[in-house]
Amino acid sequence: MQEEVPSSSIPLNGQVMLEAKPWVILVVDDEQSVHDVTRLVLAKFDLDGRRLEILSALDAAEAKVILHRRRDIAVAIIDIRMETDSAGLDLVKYIRDKLNNRFTRLVLRTGQSSGSLEEEIYRSYDINDFREKTELTKSRTITLMYASLRAYRDICRMADIVEAERELVYTMGEAVEWRGKELSLIHISEPTRLLSIS
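Please read these numbers as outputs of a predicted model, since none were measured by experiment. (Residues numbered from 1 in each chain as written. Predicted model: local features only at pLDDT ≥ 70, side-chain atom pairs only at ≥ 80, totals over all residues. Heavy atoms only, no water.)

1. Topic: the overall build of the protein chain
For the protein chain, the helix and strand inventory stands at 5 helices and 7 strands. Counting helices and strands in the order they occur from the N terminus, the protein chain gives β-β-β-α-β-α-β-α-β-α-β-α. Going through the 198 residues of the protein chain one by one, you find that 31% of them count as buried. Taking contacts inside the protein chain between residues at least 6 apart in sequence as the whole, the part at least 24 apart equals 64%. Approximately 12,900 Å² of the protein chain is accessible, and the part contributed by carbon and sulfur atoms is 56%. (Helix = DSSP H or I, 4+ residues; strand = E, 2+ residues; numbered from the N terminus. Buried < 20%, exposed > 50% of the residue type's maximum accessible area, 1.4 Å probe, protein only. Contact = heavy atoms within 4.5 Å. Areas by Shrake-Rupley, 256 points an atom, 1.4 Å probe, with all protein chains shown as cover.)

Following this line, the structure appears as C-alpha coordinates:
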(Lines give C-alpha, C1' and ligand atoms only; values in the text may rest on other atoms or scores of the structure.)
Protein backbone atom coordinates (compact mmCIF):
# COMPACT_ATOMS: atom_id res chain seq x y z
CA MET A 1 0.00 0.00 0.00
CA GLN A 2 1.41 3.36 -1.07
CA GLU A 3 1.69 6.10 1.56
CA GLU A 4 -0.45 9.14 0.77
CA VAL A 5 1.08 12.60 0.69
CA PRO A 6 -1.03 15.00 2.80
CA SER A 7 -3.20 17.33 0.74
CA SER A 8 -1.52 20.26 2.51
CA SER A 9 1.76 19.30 0.84
CA ILE A 10 2.98 19.80 -2.68
CA PRO A 11 5.86 17.99 -4.40
CA LEU A 12 8.84 20.16 -5.33
CA ASN A 13 11.80 18.58 -7.15
CA GLY A 14 10.97 15.18 -5.68
CA GLN A 15 10.66 16.60 -2.15
CA VAL A 16 7.54 17.27 -0.12
CA MET A 17 7.17 20.88 0.97
CA LEU A 18 4.44 22.08 3.32
CA GLU A 19 2.11 24.67 1.86
CA ALA A 20 2.44 28.18 3.31
CA LYS A 21 0.00 29.12 6.06
CA PRO A 22 -3.11 30.69 4.50
CA TRP A 23 -4.24 34.28 4.97
CA VAL A 24 -7.29 34.32 7.27
CA ILE A 25 -10.31 36.32 6.11
CA LEU A 26 -13.51 36.87 8.08
CA VAL A 27 -16.76 37.59 6.25
CA VAL A 28 -19.52 39.01 8.47
CA ASP A 29 -22.89 39.26 6.73
CA ASP A 30 -26.44 38.10 7.49
CA GLU A 31 -27.00 36.98 3.89
CA GLN A 32 -25.70 33.47 3.21
CA SER A 33 -25.47 34.25 -0.51
CA VAL A 34 -22.81 36.89 0.22
CA HIS A 35 -20.65 34.24 1.92
CA ASP A 36 -21.17 31.81 -0.95
CA VAL A 37 -20.28 34.36 -3.64
CA THR A 38 -17.22 35.59 -1.71
CA ARG A 39 -15.92 32.03 -1.40
CA LEU A 40 -16.54 31.39 -5.09
CA VAL A 41 -14.82 34.61 -6.23
CA LEU A 42 -11.78 34.06 -3.99
CA ALA A 43 -11.48 30.29 -4.48
CA LYS A 44 -8.19 30.51 -6.42
CA PHE A 45 -6.80 33.63 -4.75
CA ASP A 46 -3.10 33.50 -3.89
CA LEU A 47 -0.67 36.11 -2.52
CA ASP A 48 2.97 35.36 -1.71
CA GLY A 49 2.29 31.65 -2.23
CA ARG A 50 -0.46 31.70 0.39
CA ARG A 51 -4.10 30.81 -0.24
CA LEU A 52 -7.10 32.02 1.81
CA GLU A 53 -8.87 30.52 4.78
CA ILE A 54 -12.31 32.15 4.79
CA LEU A 55 -14.26 32.22 8.07
CA SER A 56 -17.96 33.12 8.12
CA ALA A 57 -20.19 34.83 10.68
CA LEU A 58 -23.88 35.55 10.07
CA ASP A 59 -24.07 38.29 12.73
CA ALA A 60 -21.89 40.46 14.94
CA ALA A 61 -22.24 38.17 17.98
CA GLU A 62 -20.88 35.21 16.02
CA ALA A 63 -18.08 37.40 14.66
CA LYS A 64 -17.04 38.38 18.21
CA VAL A 65 -16.66 34.72 19.18
CA ILE A 66 -14.46 34.08 16.14
CA LEU A 67 -12.40 37.24 16.76
CA HIS A 68 -11.73 36.12 20.35
CA ARG A 69 -10.60 32.67 19.18
CA ARG A 70 -8.55 33.77 16.18
CA ARG A 71 -5.90 36.49 16.51
CA ASP A 72 -4.60 35.89 12.99
CA ILE A 73 -7.44 37.43 10.98
CA ALA A 74 -5.88 39.58 8.27
CA VAL A 75 -9.03 41.09 6.77
CA ALA A 76 -12.62 41.33 7.99
CA ILE A 77 -15.31 42.22 5.46
CA ILE A 78 -18.28 43.45 7.50
CA ASP A 79 -21.83 44.30 6.47
CA ILE A 80 -23.08 47.46 8.19
CA ARG A 81 -26.71 46.40 8.64
CA MET A 82 -27.32 42.97 10.13
CA GLU A 83 -29.23 42.24 13.34
CA THR A 84 -29.43 46.03 13.83
CA ASP A 85 -28.88 48.98 11.50
CA SER A 86 -25.50 49.68 13.07
CA ALA A 87 -24.35 46.14 13.94
CA GLY A 88 -21.34 46.36 11.62
CA LEU A 89 -20.29 49.77 12.90
CA ASP A 90 -20.60 48.56 16.48
CA LEU A 91 -18.46 45.55 15.58
CA VAL A 92 -15.75 47.85 14.18
CA LYS A 93 -15.67 49.78 17.48
CA TYR A 94 -15.52 46.50 19.37
CA ILE A 95 -12.56 45.23 17.30
CA ARG A 96 -10.57 48.46 17.58
CA ASP A 97 -11.48 49.55 21.12
CA LYS A 98 -12.35 46.43 23.14
CA LEU A 99 -10.01 43.95 21.47
CA ASN A 100 -7.43 46.68 20.80
CA ASN A 101 -6.85 45.09 17.40
CA ARG A 102 -5.09 47.56 15.10
CA PHE A 103 -3.75 44.93 12.70
CA THR A 104 -6.83 43.43 11.04
CA ARG A 105 -7.83 45.40 7.94
CA LEU A 106 -11.52 46.30 8.21
CA VAL A 107 -13.67 46.65 5.10
CA LEU A 108 -17.26 47.78 5.53
CA ARG A 109 -19.87 46.67 2.99
CA THR A 110 -23.35 48.05 2.60
CA GLY A 111 -26.38 47.46 0.42
CA GLN A 112 -27.14 51.16 0.15
CA SER A 113 -24.97 54.18 0.68
CA SER A 114 -24.55 57.86 0.03
CA GLY A 115 -21.42 59.96 -0.30
CA SER A 116 -22.11 61.80 2.94
CA LEU A 117 -22.64 58.53 4.88
CA GLU A 118 -19.37 57.13 3.54
CA GLU A 119 -17.47 60.28 4.52
CA GLU A 120 -18.99 60.28 8.01
CA ILE A 121 -18.10 56.61 8.55
CA TYR A 122 -14.48 57.16 7.46
CA ARG A 123 -14.27 60.12 9.85
CA SER A 124 -15.85 58.35 12.83
CA TYR A 125 -14.65 54.74 12.52
CA ASP A 126 -11.19 53.23 12.16
CA ILE A 127 -11.85 51.34 8.93
CA ASN A 128 -9.62 50.70 5.94
CA ASP A 129 -12.19 50.59 3.14
CA PHE A 130 -15.88 51.12 2.49
CA ARG A 131 -17.69 49.47 -0.43
CA GLU A 132 -21.21 49.07 -1.72
CA LYS A 133 -22.11 45.44 -2.34
CA THR A 134 -23.06 46.18 -5.94
CA GLU A 135 -19.62 47.62 -6.74
CA LEU A 136 -17.73 44.58 -5.47
CA THR A 137 -17.45 42.70 -8.73
CA LYS A 138 -15.15 39.69 -9.00
CA SER A 139 -12.26 41.87 -10.21
CA ARG A 140 -12.75 44.51 -7.49
CA THR A 141 -13.09 41.92 -4.75
CA ILE A 142 -9.80 40.34 -5.83
CA THR A 143 -7.97 43.69 -6.04
CA LEU A 144 -9.41 44.67 -2.65
CA MET A 145 -7.92 41.47 -1.20
CA TYR A 146 -4.49 42.16 -2.70
CA ALA A 147 -4.43 45.71 -1.32
CA SER A 148 -5.78 44.77 2.12
CA LEU A 149 -3.53 41.74 2.58
CA ARG A 150 -0.42 43.64 1.50
CA ALA A 151 -1.25 46.37 4.01
CA TYR A 152 -1.75 43.74 6.74
CA ARG A 153 1.49 41.96 5.78
CA ASP A 154 3.48 45.21 5.90
CA ILE A 155 2.01 46.26 9.26
CA CYS A 156 2.91 42.85 10.71
CA ARG A 157 6.45 43.12 9.33
CA MET A 158 6.89 46.56 10.90
CA ALA A 159 5.56 45.25 14.22
CA ASP A 160 8.05 42.35 14.05
CA ILE A 161 10.93 44.77 13.40
CA VAL A 162 9.90 46.97 16.35
CA GLU A 163 9.64 43.88 18.59
CA ALA A 164 13.05 42.60 17.44
CA GLU A 165 14.61 46.02 18.14
CA ARG A 166 12.98 46.08 21.57
CA GLU A 167 14.39 42.63 22.36
CA LEU A 168 17.83 43.68 21.11
CA VAL A 169 17.83 46.78 23.32
CA TYR A 170 16.73 44.66 26.30
CA THR A 171 19.43 42.06 25.62
CA MET A 172 22.09 44.74 25.19
CA GLY A 173 20.95 46.36 28.43
CA GLU A 174 21.28 43.05 30.26
CA ALA A 175 24.74 42.50 28.76
CA VAL A 176 25.89 45.99 29.81
CA GLU A 177 24.45 45.45 33.30
CA TRP A 178 26.22 42.07 33.58
CA ARG A 179 29.50 43.54 32.29
CA GLY A 180 29.13 46.45 34.74
CA LYS A 181 28.72 44.04 37.66
CA GLU A 182 31.72 42.03 36.46
CA LEU A 183 33.86 45.19 36.27
CA SER A 184 32.74 46.37 39.71
CA LEU A 185 33.71 42.98 41.15
CA ILE A 186 37.16 43.33 39.55
CA HIS A 187 37.54 46.83 41.03
CA ILE A 188 36.49 45.61 44.47
CA SER A 189 38.71 42.52 44.41
CA GLU A 190 41.81 44.31 43.00
CA PRO A 191 42.64 46.37 46.16
CA THR A 192 42.01 43.29 48.29
CA ARG A 193 44.48 41.30 46.14
CA LEU A 194 47.09 44.07 46.38
CA LEU A 195 46.74 44.24 50.17
CA SER A 196 47.20 40.51 50.46
CA ILE A 197 50.41 40.70 48.37
CA SER A 198 51.95 43.38 50.63
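2. Things to note about the sheet that holds strand E4 (residues 52-57)
Strand pairs in the sheet, formed through backbone hydrogen bonds, run parallel or antiparallel to each other. Read across the open sheet, the 5 strands follow the order E4-E3-E5-E6-E7; overall the sheet is parallel. The open sheet has two free edges, formed respectively by E4 and strand E7 (129-132), since each of these has just one partner strand. Sheet twist, expressed as the average angle between the axes of neighbouring strands with direction ignored, equals 20°. As paired strands, strand E3 (residues 23-28) and E4 are joined by 6 bridges and run parallel to one another. When the sheet's bridge partners are listed, tryptophan 23 is paired in E4 with leucine 52. (Pairing = 2+ DSSP bridges. Axes fitted to C-alpha atoms, helices over the stretch in contact; angles between N-to-C directions.)

3. A short note on helix H2 (residues 60-69)
Considered for burial, the residues of H2 that qualify are Ala60, Ala63, Ile66 and Leu67. For H2, the arc enclosing every buried residue in end-on projection is 115°, short of the 170-degree limit, so these residues lie on one face. In the core, the buried residues of H2 are packed alongside E3, E4, strand E5 (73-79) and helix H3 (87-98). Put simply, aspartate 59 is the residue that caps the front of H2, since its side-chain oxygen is 3.2 Å from the backbone nitrogen of alanine 61. (Arc of directions from axis to C-beta. Polar contact = N/O pair within 3.5 Å; in protein donor to acceptor, adjacent residues only side chain to side chain.)

4. Here's the deal with the side chain of arginine 109
Turning to its location among the elements, arginine 109 is positioned in strand E6 (residues 105-110). At a separation of 3.5 Å, a polar atom in the side chain of arginine 109 contacts the side chain of threonine 38. Setting aside residues up to four positions removed in sequence, arginine 109 forms contacts with Val27, Asp29, Val34, Thr38, Ile77, Ile78, Asp79, Ile80, Arg131, Lys133 and Leu136.

5. A word on the packing of aromatic side chains
In the structure shown here, the tally under the stated rule is 2 aromatic pairs. The interplanar angle of 80° and the centroid separation of 6.5 Å between the aromatic rings of tryptophan 23 and tyrosine 152 together place this pair among those described as edge-to-face. Note that tryptophan 23 is positioned in strand E3 and tyrosine 152 in helix H5 (residues 138-197), a separation of 129 residues in sequence. Overall, tryptophan 23 belongs to the buried group, its relative accessible area being 2%. Overall, tyrosine 152 belongs to the buried group, its relative accessible area being 12%. Ring centres of phenylalanine 45 and tyrosine 146 lie 4.6 Å apart, and the angle between their planes is 40°; on these two criteria the pair is classed as tilted. In this pair, phenylalanine 45 is assigned in the loop between helix H1 (32-41) and E4 and tyrosine 146 in helix H5, connecting sequence segments 101 residues apart. (Phe/Tyr/Trp six-rings, centres within 6.5 Å; stacked < 30°, edge-to-face > 60°.)

6. A short note on the pattern of salt bridges
The tally for this structure, following the rule as stated, stands at 15 salt bridges. Ionic pairing is found between arginine 123 and glutamate 120, a salt bridge with its closest N-O pair at 2.4 Å. One end of the pair, arginine 123, and the other, glutamate 120, are both in helix H4 (residues 115-124), 3 residues apart, so they sit about a helical turn from each other. Through salt bridges with shared partners, a single ionic network connects Lys21, Glu53, Arg70 and Asp72. (Salt bridge = Lys/Arg side-chain N within 4 Å of Asp/Glu carboxyl O.)

7. Some points on the environment of tyrosine 152
Along the backbone, tyrosine 152 and alanine 74 are 78 residues apart, and their C-alpha atoms lie at a distance of 6.1 Å. Setting aside residues no more than four positions away along its own chain, tyrosine 152 makes contact with Trp23, Asp72, Ile73, Ala74, Phe103, Thr104 and Arg105.

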